[in-house]
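The lines below spell out each chain.
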Amino acid sequence: MYPAPALHVVMYHYVRDLARTPYPRLKAMPLDDFRRQIDDLPSRYEMATLDSALEYLAGAYQPRRALCLLTFDDGLKEHWRDVVPLLADRGIQGLFFLVTGCVEEGAVASVHMNHFLMAALDFHAYQREFLRRVAVRRPEMARSIEGIDAAAACASYRWDTPEVARFKYFFNFVLVPDLRDTVVRELFAAIIGPEAEFSRELYLSWEEARAMQSGGMILGGHSHRHRPLATLDPEELRADLATCRELLRGRLCPQRRWPFCYPYGKHRSFHRRAVNELARQGFACAFTTETGINAPGTGRYVIRRVDCKDALPARPAFMAAS
């Protein structure tokens, strides 16, 4: 345990009753474990809101014990259906980050296509077919997976085997985005089905997001295209964040503060230019996936988080997705 006071921000992705879904092998937090966790956390922490967390970081609020803030990435429909009722019953505020392109355009982010293909198929068979299709178009790009630094891959995906971590690192950070998206969409359409239909089932609608706001939850941005911000040129970066901001403010109810969550979230996935652009676009703060706690003086745009697996008080029966 860390000495109080400190701000602990817990990060969630998929939270679902896995056994009752078509993808029981998806790396997710089982709903029963989530329920058990949020029953336990208030006994150990003061449950924070976005306002109290930012006031604490600014040195304007001194809690009597450590703070805990709950954050949920990707704007998934299960957050509305299953998570929000549990939080509302306990008077806990959650922060929910939307990939605005997925909500607005009926797209499925490539990273999520990858998750569901790995859950639907034998990993080795999927990896072979994916690399074969890449090699048809760019042989040298397919071979580049062999040169990936194993330590960097495992540090990014510590709940995965080294082989899976290497493939995820290759998929998310090494492959040329247009090539990656073309190949994964081909496989997704062939194995899982139409993208727009799957998107409607996977992600929140704007109406559901507004209802979450009415229930006391905070909505924020997770970019428009879910690409590492550090890989975007200045104009792409500006356009992505401006589109994300405009959709949030145009489609949702007014909020005093709009938070942001970096896609992928490690320090190499964003840079100072991204931080400056977020501030220019009016986002109040930004959350990383760097592990750790936060103290007064922690920068508002580099807030660290703890994976939900690490915050579970008893036996963990799940693994995080990223």
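Residues numbered from 1 in each chain as written. Predicted model: local features only at pLDDT ≥ 70, side-chain atom pairs only at ≥ 80, totals over all residues. Heavy atoms only, no water.

A.B. asks: If you had to explain the overall build of the chain to someone new, which residues and values would you point to?
C.D. replies: Helix and strand counts for the chain stand at 15 helices and 10 strands. Buried residues in the chain amount to 56% of all 322 residues. A gap of 3 Å separates the mean positions of the 43 positive and 39 negative side-chain charges of the chain. (Helix = DSSP H or I, 4+ residues; strand = E, 2+ residues; numbered from the N terminus. Buried < 20%, exposed > 50% of the residue type's maximum accessible area, 1.4 Å probe, protein only. Lys, Arg positive; Asp, Glu negative; His and termini not counted. Charge placed at Lys NZ, Arg CZ, Asp CG, Glu CD.)

A.B. asks: Help me get a handle on the pattern of salt bridges, residues and values and all.
C.D. replies: By the definition in use, this model includes 27 salt bridges. One network of salt bridges, in which partners are shared, links Glu 129, Arg 132, Arg 133, Arg 137 and Glu 186. (Salt bridge = Lys/Arg side-chain N within 4 Å of Asp/Glu carboxyl O.)

A.B. asks: Can you lay out the confidence of the model for the chain for me, pointing to particular residues and giving the numbers?
C.D. replies: Caution applies to low-pLDDT regions: their predicted coordinates should not be interpreted in detail. Taken over all residues, the pLDDT of the chain has a mean of 93, while the share at 70 or more is 95%. Note on residues 314-322: pLDDT is under 50 here. Beyond four places in sequence and across chains, it has 29 contacts. (pLDDT = per-residue confidence, 0-100. Contact = heavy atoms within 4.5 Å.)

A.B. asks: Any chance you could break down the pairing of strand β6 (residues 94-98) for me, citing the residues and the numbers?
C.D. replies: Of all 5 residues in β6, 5 are buried, a share of seventy percent or more. Burial along β6 is two-sided: the residues Gly 94, Phe 96 and Leu 98 and Leu 95 and Phe 97 are all buried. Sheet analysis places strand β5 (residues 67-73) next to β6, joined by 4 bridges and oriented parallel. From the neighbouring strand, Thr 71 faces β6, where its bridge partner is Leu 95. Handedness of the crossover joining β5 and β6 through helix α3 (residues 77-90) is recorded here as right-handed. Pairing of β6 with strand β7 (residues 218-221), which is carried by 4 bridges, proceeds in the parallel orientation. Within β7, the residue paired with Leu 95 across the bridge is Ile 218. (Pairing = 2+ DSSP bridges. Right-handed = clockwise from strand over helix to strand, strands pointing away.)

A.B. asks: Report on the environment of Ser 52, specifying residues and quantitative values.
C.D. replies: Inspection of the secondary structure puts Ser 52 in helix α2 (residues 50-57). Through-space distance from the C-alpha of Ser 52 to that of Gln 62 is 9.5 Å; in sequence the pair is 10 residues apart. Those residues in contact with Ser 52 that lie beyond four places of it in its chain are Tyr 61 and Leu 67. Side-chain polar atoms of Ser 52 contact the backbone nitrogen of Thr 49, separated by 2.9 Å. (Polar contact = N/O pair within 3.5 Å; in protein donor to acceptor, adjacent residues only side chain to side chain.)

A.B. asks: Before we move on, can you summarise the nonpolar core with the specific residues and values?
C.D. replies: With 47 residues, the main nonpolar core has Tyr 12, Phe 34, Leu 70 and Leu 87 as its most contacted residues. If sequence neighbours within four positions are ignored, Phe 34 has contacts with Tyr 12, Val 15, Met 29, Phe 72, Val 83, Leu 86 and Leu 87. Grouped together as the second largest cluster of nonpolar side chains are 44 residues, Tyr 14, Cys 102, Val 111 and Phe 188 included. (Core = buried A, V, L, I, M, F, W, Y, C linked by side-chain atoms within 4.5 Å.)

A.B. asks: How would you summarise unusual backbone geometry if you had to cite specific residues and measurements?
C.D. replies: Here the phi dihedral of His 226 falls at roughly 55°; this positive angle occurs in a residue that is not glycine. For His 226, the position within the fold is in the loop between β7 and α13 (234-251). Exposure remark for His 226: the relative accessible area of 7% places this residue in the buried category. In this model, Tyr 264 sits at a positive phi of 70°, which is unusual for a non-glycine residue. Mapping Tyr 264 onto the fold places it in the loop between β8 (259-261) and α14 (272-280). Using a relative accessible area of 13% as the deciding quantity, one classes Tyr 264 as buried.

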